[in-house]
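Summary of the model geometry
Take a look at the letters that make up each chain.
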Amino acid sequence: MLNAEQYIDYMVESNTFTKDYLLKNWDGTTNTSWTDVAFENGQMQKHNVAFTNGSEKGNYYLSLTYLDNNGIVKGDADVYKRLTATINSEYEIKPWLKVGTTNQIEKYNVRSVSINNEYGSLLTAILQLDPLTPDTYSYENLPSHMLSALNDGKHLLQDSNGDYYAVSRFYSGEQYHPMIMRDNDIGRDSGFNVNGSVYADFKPLKTLTYTSRFGYRLSGTRSSNTNLPFYGNSVQSRDYVSQNNTSSTTIYYQWENFVNYAQTFGLHTVTAMAGMSYQESTSDFVYGSLSANEEDGLIKNDPLFYYLSYGAASATKGVAGEKLRSAKLSYFGRVGYEFAGRYMVQATLRADAADLSLLPATNRWGYFPAVSAGWTVSEEAFFEPLKKHISNLKLRASWGQNGSLAALSGYPYSTDMATGGVYPFVPGNTYVTGVSPSTMGNDKLKWETSEQINVGIDACFLNDQLTFGMDYFEKKTKDLLINGTTPSLVIGGTTSPMNAGNVTNRGWEFELGWRDRVGDFSYSIRGNLATLKNKVTYVDPSITRISGVNFHTSTITYFEEGYPVYYFRGYKFQGIDPETGNPTFYDLDDSGDLNDGDLTYIGDAIPDFTYGITLTAAWKGFDLTVFGTGSQGNDIFNCINRPDYAASNKLKKVFYDNRWTESNRSGTVPRAGADHMDKYMTSDALVYDGSFFKVKQIQLGYTFPKSWLQKVRVGNLRVYSSLEDFITFTKYPGFDPEAAANSTSGMGIDKGSYPFSKKVVLGFNIEF
């Protein structure tokens, strides 16, 4: 970021402030690094104890795990705590009857900070606040604007020493002191999950197994949010306390019944399976709020009263709640054939039906077939002379379809009416509430279908020391569920979702590995690489393009035919006018000025390829693992600095270095305070190569000799140390290229993402 001296230079050059004003309101020494103000070394601890035993008749596994992860923001603001218990067991009652259960019980508590928002988030504020403002002021040293706010009854928040968090004289916007952002809301989330299954295998014949399995998931969440009074700056403040709480529960279960058949006839093996599944999910929630109405919404601003039961008489009360239910029914089957371990073929068919909460009765069923085949070439007689070089070689291919309704909920195909607006249809002061269509309806809505082909080869060389795998895949998503089709301008209203798009993904996947042993020393190296080409191949003709996410007042990602999903769309930066220092852009439609016709593709978040490498080594109880992963060819749109706040701090490499000045007319960066910065901020000038390689883990461990451990009745003891996410190679100037991601429509958009942190891990495993 710009330091104090650079910030002053930039602000004076841009005519945002005069130098006299800056020097008068700066103490001459403050040079605040807001990353140092907001971040600290976090601590994480994880403990696990497990018990396991078994016999020919049955077995069990019991474990208890505790995780406490206190993140890198100062204070207990980004904390995740979880307690997990696992109970698994299986028992053979009779040779023809086996029963079992799997269960996991989880309780968690979460506190988090605001991120990725140009309208106010802690991580974005760190990158926007000026370096001339200190972290805190004592009461005796309060500047006049803060003292005036305090005398006006504003709530200036304080640190543990009683000093006041500073309010900038220079920057005033949605972003403000990150510690005020941390403390002005007390948000707590907690919940539980209980996942499990109970099953029975019944074998009336040796070749036939009937399985009945009941799976379940019970979950509940509780959210409490107390909005406290604060003064961040003249734009962001709150005078009164308010409170809101949400509690929700979800119950999901799935009952499956299926039969497996397997029979071998000489060199021939035939398998078959047929079954059905029923799934049902119900959820409900209740929400309550106490909003301030010219006084605190709670009877007292004290943690003991941060509950809905203590609402002030004047508070505006809100309540909401609803119960939702959905269900699916499926039938499925599979047949397979294998000959002599050389030839394999398999075919499957699923039939899935959704209830009326998702699809109309006429289209509720979807049918999804698949087929696969394999040939183990190395088992052929003619291959025998090659086995000393190629120990195993297999060719395989598959084709299949599967369906999705993830984008749908709440009777999306229905035609709805909604109240809205009042009209004086009769004389006097009597008004009638109007009703109009709110959704257009779509009785043709159906399953979204993904169809994929895969062709691959697996090979082992030199007695399995060298392994190689290669795949080619092509996945076509058809009848993509899309919102945002253009409604009739006459009828108005909102369109319902429709099957209006196709997307193709294709690429190659490679794996290569080598392992060897020399005396007591063993080592291995494994690498993988995957390419990806993504393209929208069809969008309904009623849609030119579908909007994704916005940066301030501009939409910057779109879903459009002929481009990758949710590509970046903006102006093409042409260069700096050497006479004025203003940015210039390509006039793509030759209209003579800049308009929407000059917006075009300027990048996308889809990488050309991703890759990884793992190195392992072991020697006399010592073991070493080094793992790295990378991405190449993906773009990141840096959306940190809004164009309407000139006083915000800047990334030095992006706005300061080699900027145009009177003495540097060949600068490649606009002058401070240049014209058309709103277009510059939404152009490819702010789109960066997001490629990176990150060493995710370097772990060194030592396992003590068993002869040492027998004396203390220990079966195994390993101690280890690990560096995780410790080294990153990238040209991206933001916090972390790996963290620059949002929802699907906002992939690669960085508005202040929570970065991965470097971790030093110490641990041990002990077995009795």
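Above: the structure in question.
Residues numbered from 1 in each chain as written. Predicted model: local features only at pLDDT ≥ 70, side-chain atom pairs only at ≥ 80, totals over all residues. Heavy atoms only, no water.

**A short note on the overall build of the protein**
Threshold: Only DSSP runs of H or I reaching four residues or more are called helices, and only runs of E reaching two or more are called strands; each is numbered from the N terminus. Only protein chains enter the accessibility calculation, which uses a 1.4 Å probe; a residue whose area is less than 20% of its type maximum is buried, one above 50% is exposed, and one in between is partly exposed. Per-residue and other accessible areas follow the Shrake-Rupley method at a 1.4 Å probe size, with only the shown protein chains counted as cover for residues. The positive count covers Lys and Arg only, the negative count covers Asp and Glu only, and His and the chain ends enter neither. By convention, the point assigned to a charge is CZ for Arg, NZ for Lys, CD for Glu and CG for Asp.
The secondary structure content of the protein amounts to 9 helices and 39 strands. With respect to the principal axes defined by its C-alpha atoms, the protein has extents near 95 × 80 × 65 Å. Counting across all 768 residues of the protein, residues that qualify as buried make up 40%. For the protein, the accessible area works out to roughly 40,300 Å², and carbon and sulfur atoms hold 54% of it. Side-chain charges in the protein split into 67 positive and 82 negative, and the spacing between the mean points of these groups amounts to 9 Å.

**Brief notes about the sheet that holds strand β35 (residues 687-689)**
Put simply, the rule is: In this description, strands pair whenever DSSP reports at least two bridges between them.
Read from one edge of the open sheet, 3 strands run β35-β34-β38, paired in mixed fashion. Each edge of the sheet is formed by a strand with only one pairing partner; in this case those strands are β35 and β38 (749-750). Both strand β34 (residues 635-638) and β38 contribute to a ladder of 2 bridges, which runs parallel. Residue pairing across strands places Asn638 opposite Asp750, the latter belonging to β38.

**Topic: the pairing of strand β16 (residues 390-404)**
Where strand β15 (residues 365-376) lies against β16, 7 bridges are found, and the strand directions are antiparallel. Its bridge partner lying in β16, Thr376 is registered against Lys394. As judged from the 14 bridges shared by β16 and strand β19 (residues 448-461), these two strands associate in the antiparallel manner. Paired with Ser398 across the bridge in β19 is Asn454.

**Description of helix α1 (residues 4-13)**
Just so we agree on the cut-off: Note on contacts: a residue pair is in contact if any heavy atoms of the two residues lie within 4.5 Å. Polar contacts here mean pairs of N or O atoms no more than 3.5 Å apart (in protein, one a potential hydrogen donor and the other a potential acceptor; neighbouring residues in sequence count only if both atoms are side-chain atoms).
Taken as a whole, α1 has its buried residues at Ala4, Gln6, Tyr7, Ile8, Tyr10 and Met11. Lining the buried residues of α1 we find α2 (19-24) and α7 (652-656). Where α1 begins, the side chain of Asn3 points an oxygen toward the backbone nitrogen of Glu5, at a separation of 3.2 Å. Where α1 terminates, the next one or two residues include Asn15, which has phi positive at roughly 60°.

**Description of the nonpolar core**
Note the threshold: Buried residues of nine kinds, namely Ala, Val, Leu, Ile, Met, Phe, Trp, Tyr and Cys, make up a nonpolar core once their side-chain atoms join them within 4.5 Å.
Within the largest apolar cluster, 62 residues are counted, with the highest numbers of intra-cluster contacts made by Tyr7, Leu132, Phe637, Phe655, Tyr680 and Leu686. Elements supplying a minimum of two residues to this core: α1, α3 (34-38), α4 (122-126), α6 (178-183), β34, α7, α8 (677-680) and β35. Top element by residues in this core is α1. It accounts for 5 residues. Not counting the four nearest positions on each side in its chain, Leu132 is found in contact with Ala4, Tyr7, Ile8, Leu22, Trp26, Thr30 and Phe170.

**Overview of a nonpolar patch on the surface**
Just so we agree on the cut-off: Without a salt bridge and with relative accessible area above 30%, a residue can belong to a patch; like charges are then joined within 9 Å and nonpolar side chains (Val, Leu, Ile, Met, Phe, Trp, Tyr) within 5 Å. Take a side-chain nitrogen of Lys or Arg and a carboxyl oxygen of Asp or Glu: if they are within 4 Å of each other, that pair is a salt bridge.
A surface patch of nonpolar side chains, about 750 Å² in accessible area, is lined by Val49, Phe51, Tyr60, Leu62, Leu64, Tyr66, Leu83, Ile87 and Ile105. Looking at the nonpolar patch element by element, the count peaks at 4 residues for strand β2 (residues 58-70). Topologically, Phe51 is positioned in strand β1 (residues 43-54). Looking at Phe51, the relative accessible area reads 51%, which means it is exposed.

**Quick notes on the pattern of salt bridges**
With the rule as written, the count across this model stands at 32 salt bridges. Residue Asp736 pairs with Lys694 through a salt bridge whose shortest N-O separation is 3.2 Å. With a gap of 42 residues between them, Asp736 in the loop between β37 (716-730) and β38 and Lys694 in strand β36 (residues 692-703) connect regions that are remote in the sequence. Residues Asp736 and Lys694 agree in their burial class; the two are buried. Each of Lys694, Lys696, Asp725, Asp736, Glu738 and Lys759 takes part in a single network of salt bridges with overlapping partners.

**Here's the deal with the environment of Ile606**
Note that Ile606 resides in the loop between β31 (600-603) and β32 (609-619). In the structure, Ile606 is positioned 73 residues away from Lys533 in sequence and 7.9 Å away in space, judged by C-alpha atoms. Dropping the residues within four chain positions of it, Ile606 is found in contact with Leu532, Asn534, Pro564, Val565, Gly633, Asn634 and Met747.

**Concerning the environment of Asn31**
The topology assignment puts Asn31 in the loop between α2 and α3. Since its relative accessible area comes to 44%, Asn31 is described here as partly exposed. Sequence separation between Asn31 and Tyr566 is 535 residues; the distance between their C-alpha atoms is 40 Å.

**A closer look at the pairing of strand β28 (residues 567-570)**
Along β28, one buried face is formed by Tyr567 and Arg569 and the opposite face, lined by Phe568 and Gly570, is buried too. Taken together, the 2 bridges between strand β27 (residues 557-559) and β28 define a ladder with antiparallel strand orientation. Residue Tyr558 lies in a different strand from β28, and its bridge partner there is Tyr567. In terms of strand pairing, β28 meets β31 through 3 bridges, oriented antiparallel. When the bridges of β31 are listed, Phe568 appears paired with Gly603.

**Describing the sheet that holds β28**
Strand order in the open sheet made by the 4 strands is β24-β27-β28-β31, with antiparallel pairing throughout. If you trace the sheet from one side to the other, it starts and ends with β24 (546-547) and β31, each paired once.

**Examining the packing of aromatic side chains**
Cut-off, in case you're wondering: Note on aromatic pairs: the rings of Phe, Tyr and Trp (six-membered ring only in Trp) are paired at centre separations within 6.5 Å, and the planes decide the class, stacked below 30 degrees, edge-to-face beyond 60, tilted for the rest.
Applying the stated rule across the entire model yields 35 aromatic pairs. Ring centres of Tyr563 and Tyr601 lie 6.0 Å apart, and the angle between their planes is 20°; on these two criteria the pair is classed as stacked. Of the two residues, Tyr563 sits in the loop between β27 and β28 while Tyr601 sits in strand β31, which places them 38 residues apart along the sequence. Residue class for Tyr601 comes out partly exposed when judged on its relative accessible area of 29%. Ring geometry for Tyr571 and Phe585: centres 5.9 Å apart, planes at 50°, overall tilted. With Tyr571 in the loop between β28 and β29 (573-576) and Phe585 in strand β30 (residues 583-585), this pair connects stretches of sequence that are 14 residues apart.

**Notes on the side chain of Ser683**
Checked against the element boundaries, Ser683 lands in the loop between α8 and β35. Only 2.8 Å separates the side chain of Ser683 from the backbone oxygen of Tyr680, close enough to count as a polar contact.

**Section: the side chain of Ser190**
Along the polypeptide, Ser190 turns up in strand β7 (residues 185-205). Those residues in contact with Ser190 that sit more than four places away from it in its chain are Lys107, Tyr108, Asn109, Gly220, Thr221 and Arg222.

**Some thoughts on the environment of Val286**
Structurally, Val286 can be placed in strand β12 (residues 268-291). For the pair Val286 and Thr614, spaced 328 residues apart in the sequence, the C-alpha separation amounts to 48 Å. Other than its neighbours up to four places away in sequence, Val286 contacts Asn245, Thr246, Ser247, Ala320 and Gly321.

**A few points about unusual backbone geometry**
The backbone phi angle of Tyr566 is positive, close to 45°, even though this residue is not glycine. Along the chain, Tyr566 turns up in the loop between β27 and β28. Phi at Lys620 takes a positive value of approximately 45°, unusual for a residue other than glycine. Topologically, Lys620 is positioned in the loop between β32 and β33 (622-632). The exposure class assigned to Lys620 is exposed, which follows from its relative accessible area of 53%.

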